[in-house]
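Here are the chains, one letter per residue:
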Amino acid sequence: MIIKFKHDENKRLSKNFTSNEFQSHDGTGGFVDEDLLIKLQILRTQVGKPITVTSGYRSIEHNKIVGGEQDSQHCEGTAADIVIDGLKPLKVALLAGRIGFTGIGLYKTITHVDVREVDDPNDIDCWEG
Ligand SMILES: [Zn+2]
């Protein structure tokens, strides 16, 4: 299910996340996939530390500006780039894999997690950026 929100609505989406954290950085509001939210909340509860979402939903226009892939999961509301204070991106990636994110990208300072559709639910699309 997709949860829609308006720009700066600051709607509470789960125990620890609000819509502002997922909105497109170009002021267009957006939407977030419920499955992404549930898994992020599980991760949040597990680590017991705030998760900073550096990029959640991206409008198509904003995705182009930041040089995202054309079929980016960010435009579907199914992806988030995250940082957890005190945890290296690799550690975050490993925890995310255990929780069941199906797309995981490891970058220098952030971890990309998404809930893309995969044929085999045990398969994880993973890459290093
Ligand atoms: Zn990403």
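Below, the structure is looked at part by part. Along each chain, residues carry numbers from 1 onward, in the same order as the chain's sequence is written. Local features in a predicted model are, by the rule used here, given only for residues with pLDDT of at least 70; side-chain atom pairs are given and counted only at 80 or more, and totals for whole chains, interfaces and linings are based on all residues.

**Points about the overall build of the protein chain**
Then, in step 1: Summing up its helical and strand segments, the protein chain has 3 helices and 7 strands in all.
Then, in step 2: Helix numbering and strand numbering both begin at the N terminus, where a helix is a DSSP run of H or I of at least 4 residues and a strand a DSSP run of E of at least 2. Reading the protein chain from its N end, one meets helices and strands in the order β-β-α-β-α-β-α-β-β-β.
Then, in step 3: Two things to know: the radius of gyration comes from C-alpha atoms, and the globule rule equals 2.2 Å times the number of residues to the power 0.38. By the compact-globule yardstick of 14 Å for 129 residues, the protein chain fits well, its C-alpha radius of gyration being 13 Å.
Then, in step 4: Expressed as a percentage of the 129 residues in the protein chain, the buried residues total 33%.
Then, in step 5: A residue pair is marked as a contact if its C-beta atoms, positioned from the backbone, fall within 7 Å. For the protein chain, the proportion of contacts with a sequence separation of at least 24, taken over those separated by at least 6, is 53%. Residues with at least 20 neighbouring C-beta atoms inside 10 Å of their own are called buried, those with 12 or fewer are called exposed, and the rest are partly exposed, where every C-beta is derived from the backbone.

**A look at the nonpolar core**
Then, in step 1: We call a set of buried Ala, Val, Leu, Ile, Met, Phe, Trp, Tyr and Cys residues a nonpolar core when their C-beta atoms link them within 7 Å. Counting residues in hydrophobic clusters, the biggest one holds 21 residues, and the most contacted among them are Leu 36, Leu 40, Ala 80, Ile 82, Ala 96 and Val 113.
Then, in step 2: Mapped onto this core, the elements with two or more residues apiece are helix H1 (34-47), strand E4 (79-84) and helix H3 (89-99).

**What about the sheet that holds strand E3 (residues 51-55)?**
Then, in step 1: The rule for pairing is simple: two strands pair if DSSP sees at least two bridges between them. Strand order in the open sheet made by the 5 strands is E3-E4-E6-E5-E7, with mixed pairing throughout. Of all strands in the sheet, those bounded by a partner on one side alone are E3 and strand E7 (125-128). Recorded for the sheet is a direction-independent mean angle of 25° between the axes of neighbouring strands.
Then, in step 2: Alignment of E3 against E4, held across 4 bridges, turns out to be antiparallel. Its bridge partner being in E4, Ser 55 is matched across the sheet by Asp 81.
Then, in step 3: Fitted lines through C-alpha atoms give the axes, limited to the stretch in contact for helices. The angle between two N-to-C directions lies from 0 to 180 degrees. Packed on one face of the sheet, H3 meets E4, strand E5 (103-106) and strand E6 (111-114) and runs near 170° to E5.

**A few points about the environment of Lys 88**
Then, in step 1: Along the chain, the position of Lys 88 falls in the loop between E4 and H3.
Then, in step 2: Since 12 C-beta atoms lie within 10 Å of it, Lys 88 is described here as exposed.
Then, in step 3: Spatially, the C-alpha atoms of Lys 88 and Arg 44 are 15 Å apart, while their sequence positions differ by 44 residues.

**Some details on H3**
Then, in step 1: Of the positions making up H3, those classed as buried are Pro 89, Val 92, Ala 93 and Ala 96. Within H3, the buried residues cover an arc of 100° as seen down the axis, which keeps them to one side. What points out from H3, more than 90 degrees from its buried face, is the exposed set Leu 90 and Arg 98.
Then, in step 2: Those residues of H3 hidden inside the fold are in contact with H1, E4, E5 and E6.
Then, in step 3: Backbone geometry just after H3 places Gly 100 at a positive phi near 110°. Working note: the arc is built from the helix axis to C-beta atom directions.

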